[in-house]
Amino acid sequence: MFEEYVENVVRIINENGIVARAIKDIKSDGSVDYILRLTEDPNGLKWASLKFDTPEKVTKECPEAESYAKGVIEQILKMDSPVRNARTSLSKKKYDKIKGQIAPFIMDKSKYKDYLKNVPNRDFLDYSVVYCYKDEKVLITVTNDLADSLGVTEKQLYEDSVKNIVPKGPVNLFRMLSTKSAEGKNSSSGDEEDGLLPVYLLSNDVMFGGASVLLLPDFLEKVSEKLGGDYYAAVSTNAFIVVTPKDNEKVSKGNLSQIGRNFSNSLSGPDTLTLQEKAYLYNSSSKALENLK
């Protein structure tokens, strides 16, 4: 019953435009705590944590999930918000002055469906593309209201942000993780060397929001040329994707997804945006990504 209560609280908060999720913490004695993670901008990675009261206390003092959720929302909105402050500051700028700092980010459209109602976005494969402004101090998602203030359309945000992607790869994932990568050898080659598994990482120059390289047809075609034709691409986080040649005998599309997931888990913290896990085929003839059957 309490787990259902927690799920309802999370749902109501999300429907009100604040991203919330519950983390289940199982204690050594078998008891369970729920931590509520909240943010006004999931791409900004500035989350706050609230610990749920015990089931008994919640039942006595706040019997309805809607009342509890409303209290949390009011508490968040009363607090000084770096997200709202950044949006206000950004809304006063000229779009032409900042368009070089807009980047596309890929989000899970099923997990963040309520959040996506409030931001310019477009469908891409099984995901949604949103747009973030980034400088040395702030990373913030462009909302519908902010786009209106800047006088910019979703189409223009997409076209400008894609121009700002600086792609990187393919880099052999296992060479990158080994000490040999520091020996001055060319790790960006598509050739398999030293018996390493033919698994390669594609990202951007900062490996942050790097799954957006999927939006670059010319880059994906160059990857195909380096890998010798068709290849599988696995997605599990918005930071990068992993690929392997279709005709290799060492890594299957299923293995590739597992490798990508393991690498994601080794890097991810509690606020990392994971994506719906999917594997695609890059068809070198059609020069496009295809869903696997």
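Keep in mind that what you see is a predicted model, and the values were worked out from it rather than measured.

Conventions we followed
- Residues numbered from 1 in each chain as written.
- Predicted model: local features only at pLDDT ≥ 70, side-chain atom pairs only at ≥ 80, totals over all residues.
- Heavy atoms only, no water.
- Salt bridge = Lys/Arg side-chain N within 4 Å of Asp/Glu carboxyl O.
- Buried < 20%, exposed > 50% of the residue type's maximum accessible area, 1.4 Å probe, protein only.
- Pairing = 2+ DSSP bridges.
- Helix = DSSP H or I, 4+ residues; strand = E, 2+ residues; numbered from the N terminus.
- Axes fitted to C-alpha atoms, helices over the stretch in contact; angles between N-to-C directions.

Novice: Give me the pattern of salt bridges: which residues, what numbers.
Specialist: Opposite charge on two side chains lets them pair, provided their charged atoms get close. Considering all chains together, one arrives at 14 salt bridges under this definition. A salt bridge links aspartate 25 to lysine 27; the nearest nitrogen and oxygen atoms lie 3.0 Å apart. Judged by its relative accessible area of 30%, aspartate 25 is partly exposed. For lysine 27, a relative accessible area of 34% corresponds to the partly exposed category.

Novice: Describe the sheet that holds strand β12 (residues 274-283), and please don't skip the residues or the numbers.
Specialist: Strand order across the open sheet formed by 6 strands is β8-β9-β11-β10-β12-β13, with antiparallel pairing between neighbours. Here the strands that pair on one side only, and so sit at the sheet edges, are β8 (167-172) and β13 (288-291). Neighbour to neighbour, the strand axes of the sheet diverge by 30 degrees on average, direction disregarded. Here strand β9 (residues 200-204) pairs with strand β11 (residues 240-245) via 3 bridges, running antiparallel.

Novice: Residues and numbers for the pairing of β9, please.
Specialist: With respect to burial, β9 is a largely interior element, 5 of its 5 residues being buried. Of the two faces of β9, the one lined by Tyr200, Leu202 and Asn204 and the one lined by Leu201 and Ser203 are each fully buried. Examined bridge by bridge, β8 and β9 share 4 bridges and lie antiparallel to one another. Paired with asparagine 172 across the strands is tyrosine 200, a residue of β9.

Geometric values such as these leave the question of function open.
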